[in-house]
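Here is what each chain is made of, one letter per residue.
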Amino acid sequence: MNRRNEYLDIIRGVAVILMVFGHCIQYGNGVEYSQPNHFFYDKVFQVIYSFHMPLFMILSGYLFAFTLRKCHNFSDFAKNRFQRILLPIIGWQTVDFAERGIKLIETGQMSLTFFIEYVRSWFEGSWFLWAVFYCSIAVFIVQFYFKGYCLMYVAGFILTFFVPDYIYNMELYKFMYPFFIGGYLFAICQEKWKTKYVRVTLKHLFVFSAICYLTLLAFWNYDAYIYTSGYTVLGCEGEDLRYQFIIDIYRMLIGFAGSIVMITGIYLIYHSKFNLHRLYILIGKIGKASLGIYLISGILVGRLLIRHLEYYSFNYFINIVQAVIIIGISYLCTALIGRIKVLNFILLGGR
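Residues numbered from 1 in each chain as written. Predicted model: local features only at pLDDT ≥ 70, side-chain atom pairs only at ≥ 80, totals over all residues. Heavy atoms only, no water.

*Asks:* Before we move on, can you summarise the side chain of Ser-50 with the specific residues and values?
*Replies:* Tracing the backbone shows Ser-50 in the loop between α3 (43-49) and α4 (52-69). Within polar-contact distance, the side chain of Ser-50 engages the backbone oxygen of Val-47 at 2.6 Å. Residues contacting Ser-50, with those up to four places away along its chain left out, are Tyr-213, Trp-220, Ile-254 and Gly-255. (Helix = DSSP H or I, 4+ residues; strand = E, 2+ residues; numbered from the N terminus. Polar contact = N/O pair within 3.5 Å; in protein donor to acceptor, adjacent residues only side chain to side chain. Contact = heavy atoms within 4.5 Å.)

*Asks:* Quick one: what's the story with the nonpolar core, residue by residue and with numbers?
*Replies:* Formed by 96 residues in total, the largest nonpolar core has its most connected members in Met-57 and Phe-128. Counting residues per element, this core draws most heavily on helix α1 (residues 6-27), at 13 residues. Met-57 has contacts with Phe-128, Ala-131, Val-132, Cys-135, Met-176, Phe-179 and Phe-180, leaving out every residue within four places of it along the chain. (Core = buried A, V, L, I, M, F, W, Y, C linked by side-chain atoms within 4.5 Å. Buried < 20%, exposed > 50% of the residue type's maximum accessible area, 1.4 Å probe, protein only.)

*Asks:* Help me get a handle on the pattern of salt bridges, residues and values and all.
*Replies:* Under the definition given, this model contains 4 salt bridges. In this structure, Asp-165 and Lys-174 form a salt bridge, with 2.6 Å as the shortest nitrogen-oxygen distance. Note on Asp-165: relative accessible area 9%, which makes it buried. Residue classification places Lys-174 among the buried residues on the basis of a relative accessible area of 4%. Its salt-bridge partner being Glu-239, residue Arg-242 comes within 2.8 Å of it at the nearest N-O pair. (Salt bridge = Lys/Arg side-chain N within 4 Å of Asp/Glu carboxyl O.)

Take a look at the structure:
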């Protein structure tokens, strides 16, 4: 409770590296590759996007269990969520607004309409943080007002299928819900599952989840992305309803399977006899700075890749170089922000 878990930092580090690399595949190969959505058919991109955000969400739910132990009432919870999630969203959106606003003022294009539309867009930007925010509210309500009654989580899961999509990224938030809840429930139940045979059990779990993941991955197609097919079954009938429901369940199963492969695989390697201490330190540092890298890398992708790259040849090596540069710059910026108390509080939630 009182010290960082290096193993969890390594998992977050791996997840954020995959996230940035996926963005580089998507946006770093020129407009002729990104605009027609060719990246959706890339095999490496499919692997990354089948589990990397669910993995982030499982970790968020797991860590929130320890945060909630420190929240004795609604006031404690509200203060924590505002500082840790809402403040970084507001801070980075304000920075972005200031940059765009200055350009619009210089060109005489600033208007009240732009301001209103931009404030509205705050509820769509940094969608992963919004997903964590909404899911943590759901957990808080169940824990404090329904005594942690697990059937309430099941009821919430069923409800997600009947809430409309495309309202402030609602389909993304609903998709993240079961992973957050899964991570949270594992955290509060893990003490009951710890035995002296845990490593043997994890080896079996790793093999089983790897077989499940590879089997499910064979069926991945264009509709499997939450961005292409949505989530809700509202308005669907007959065969369309069945297909949408199957796609929704499929995404969850492969997201859990892939995440478990990563969690157990990294755990087994971390506790093995391999001398990878320097690599653990490097990836762990990236994991500690994952929030800053997530937020800053999004800006860098928009400024460096989307706006300025016009070459058309697809190349994984170039994407790796892009990812290394973006992660490096994002990490350094995060470290600099962390040294300035006010900026660290506003832009990183005091992390």
